[in-house]
Amino acid sequence: LRTAIRSEQLESRHQQCMVRDVFTQPCLGKADNRRPAEREKMICRILLLIILNSCLCAATFVVNVTQSCYQAEENHNITLEWTFTTRPHGSWRHLFILCELIAPHRELVLYQVHEGVEVSESQDEQFSGRVQSDKDVLREGRIRLHVSRLRTEDSGLYLCDVKTDEGFNSGRCRLNIS
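If you're wondering where the values come from, they're calculated on a predicted model, not measured in any experiment.

(A) Representation of the packing of aromatic side chains within the structure. Evaluation of the coordinates by the stated rule reveals two aromatic pairs. Arranged with centres 6.5 Å apart and planes meeting at 50 degrees, the rings of F61 and F84 form a pair that is tilted. You can see F61 sitting in the loop between α2 (36-59) and β1 (63-65) and its partner F84 sitting in strand β3 (residues 78-84), a full 23 residues away along the chain. The pair F61 / F84 is uniform in exposure class, with both members buried.

Here it is in structure tokens:
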């Protein structure tokens, strides 16, 4: 019985060492039959697979705008819309959204969601009382913001950052008020 346990321990140790063997010296006194060039090539392949896998995972989460440029007149209303990748039964506990107007020397918060809850007090006073979100479409992966009584200073680049369990990305659009 003691021999069987010792043999099992040695086999387990050998398997662990085979995994580590790519990066370290051989274990259990066994000689490494690979030449240094083959060993380096194997390390490079493994690292390449890790990098490619992380790139593919990051690329699956997307934020898009329905229009890249909006044109409107002062005192009219407009709806800005972004879409993002979502799962049908995804958790909103990890939903973070930040939509801002990128103005010279500062960013003005238009809309913010923190851990799935809208944070209206973070909204910049320029937009106070003029932005309404469509909560019904948020679960479908759509951010729809209705901006009323447009002003010329509302013109500019709007950036919307979205972070979920699926990843992080952003979408941007331009609004011109005449």
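(B) Molecular detail of the pattern of salt bridges. For the structure on display, the rule yields seven salt bridges. One salt bridge connects K135 with E118, and the closest N-O pair in it is separated by 3.1 Å. Here K135, found in helix α3 (residues 135-138), pairs with E118, found in strand β6 (residues 117-118); they are 17 residues apart in sequence, far enough to count as distant. Put simply, E140 and R142 hold a salt bridge, and the shortest N to O gap is 3.3 Å. With a relative accessible area of 47%, E140 lands in the partly exposed category. One salt-bridge network, held together by shared partners, links E81, D134, E140, R142 and R144.

(C) Looking closely at the sheet that holds strand β2 (residues 69-72). Strands sit in the order β2-β10-β9-β4-β5-β6 across an open sheet of six strands; the sheet is mixed. The two strands at the open ends of the sheet, each matched to only one other strand, are β2 and β6. Where strand β9 (residues 156-164) meets strand β10 (residues 167-177), nine bridges bridge the pair, whose relative direction is antiparallel. In the strand pairing of β10, D161 is matched with S170.

Conventions used here
Residues numbered from 1 in each chain as written. Predicted model: local features only at pLDDT ≥ 70, side-chain atom pairs only at ≥ 80, totals over all residues. Heavy atoms only, no water. Phe/Tyr/Trp six-rings, centres within 6.5 Å; stacked < 30°, edge-to-face > 60°. Helix = DSSP H or I, 4+ residues; strand = E, 2+ residues; numbered from the N terminus. Buried < 20%, exposed > 50% of the residue type's maximum accessible area, 1.4 Å probe, protein only. Salt bridge = Lys/Arg side-chain N within 4 Å of Asp/Glu carboxyl O. Pairing = 2+ DSSP bridges.

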